[in-house]
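If you want the building blocks of each chain, they are given just below.
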Amino acid sequence: MAITIYGIKNCDTMKKARAWLDGHGVAYGFHDYKTEGIAKDRLKHWSDALGWENLLNRAGTTFRKLPDGDKESLNEKKALALMLAQPSMIKRPVLEAGSKLLVGFKADVYAKEVKASHKG
């Protein structure tokens, strides 16, 4: 089963997630938003599966620096447009393992979900 982790190389959470995957012998591909961006269709699929509210990183510097007008009255269309324009606003990492989608990194969740996926 192909596993892909999406994020930004220098993000501390990404480093922890990748170290966990490496340490557990999980083979994966890495998609770097900085160099590869994100496809609109993939982002929409994630939003449909997880909800745009779970994808948008409101705590990040990029979001906080937005003009207030961009932060107000957010809906899916507006949030997706912001994330497409600046993928660093997508919570990191997003991990795809077959039909599973995980957002953020928690070792216990990875241990349960990724190991099980990897063995399958």
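Structure shown above.
All chains use their own residue numbering, which begins from 1 and follows the written sequence. Per-residue local features of the predicted model are confined to residues with pLDDT of at least 70, and side-chain atom pairs are confined, for both listing and counting, to 80 or more; whole-chain, interface and lining totals are unaffected and use all residues. Excluded from the side-chain calculations are hydrogens and water; all other atoms, namely the structure's heavy atoms, are used.

**With respect to the overall build of the protein chain**
Working step 1: Think of it this way: any DSSP run of H or I at least four residues long counts as a helix, any run of E at least two long counts as a strand, and we number them from the N terminus. Secondary structure summary: the protein chain contains 8 helices and 4 strands in total.
Working step 2: Relative to a compact globule of 120 residues, whose C-alpha radius of gyration would be 14 Å, the protein chain shows 14 Å and is just as compact.
Working step 3: With the C-alpha coordinates of the protein chain rotated into their principal frame, the extents come out at 45 × 25 × 25 Å.
Working step 4: The classification of residues rests on relative accessible area computed with a 1.4 Å probe and restricted to protein chains. Under 20% of the type maximum is buried, over 50% is exposed, and intermediate values are partly exposed. Going through the 120 residues of the protein chain one by one, you find that 39% of them count as buried.
Working step 5: For the protein chain, contacts bridging at least 24 residues in sequence account for 61% of all contacts bridging at least 6.
Working step 6: Both charge centroids of the protein chain, one from 21 positive and one from 14 negative side chains, sit 4 Å from each other. The globule rule used for comparison is 2.2 Å times the number of residues to the exponent 0.38, while the radius of gyration itself is calculated over C-alpha atoms. Contacts are assigned to residue pairs that have any heavy atoms within 4.5 Å of one another. In this count, Lys and Arg are taken as positive residues and Asp and Glu as negative ones, while His and the chain termini are left out. Each charge is placed at NZ for Lys, CZ for Arg, CG for Asp and CD for Glu.

**A look at unusual backbone geometry**
Working step 1: Omega for the peptide link from Arg92 to Pro93 comes to -15°, which places this bond in the cis form.
Working step 2: In this fold, Pro93 is placed in the loop between helix 7 (76-85) and strand 3 (94-97).

**Overview of the side chain of Asn57**
Working step 1: Looking at the secondary structure, you find Asn57 in the loop between helix 4 (52-55) and helix 5 (61-64).
Working step 2: For this analysis, a polar contact is any N or O atom pair within 3.5 Å, provided that within protein one partner can donate a hydrogen and the other can accept it, and provided that sequence-adjacent residues contribute only side-chain to side-chain pairs. There is a polar contact of 3.2 Å between the side chain of Asn57 and the backbone nitrogen of Ala59.
Working step 3: Other than its neighbours up to four places away in sequence, Asn57 contacts Phe63, Ser88, Met89, Ile90 and Lys91.

**With respect to the sheet that holds strand 3**
Working step 1: Strands qualify as paired when DSSP identifies two bridges or more between them. Taken in spatial order, the 4 strands line up as 2-1-3-4 in an open sheet, and their pairing is mixed. The open sheet has two edge strands, strand 2 (29-32) and strand 4 (100-103), and neither has a second partner. On average, adjacent strands in this sheet sit at an angle of 20° to one another, irrespective of strand direction.
Working step 2: Examined bridge by bridge, strand 1 (residues 3-7) and strand 2 share 4 bridges and lie parallel to one another. Residue Thr4 lies in a different strand from strand 2, and its bridge partner there is Gly29.
Working step 3: Comment: axis = line fitted to C-alpha atoms, over the contacting stretch for helices; angle = value between 0 and 180 degrees taken between N-to-C directions. Most of the contacts of helix 1 (residues 12-23) go to strand 1, to which it runs at about 165°, and overall it touches strand 1, strand 2 and strand 3.
Working step 4: Docked against the sheet, helix 3 (residues 40-50) engages strand 1, strand 3 and strand 4, running at close to 85° with respect to strand 4.

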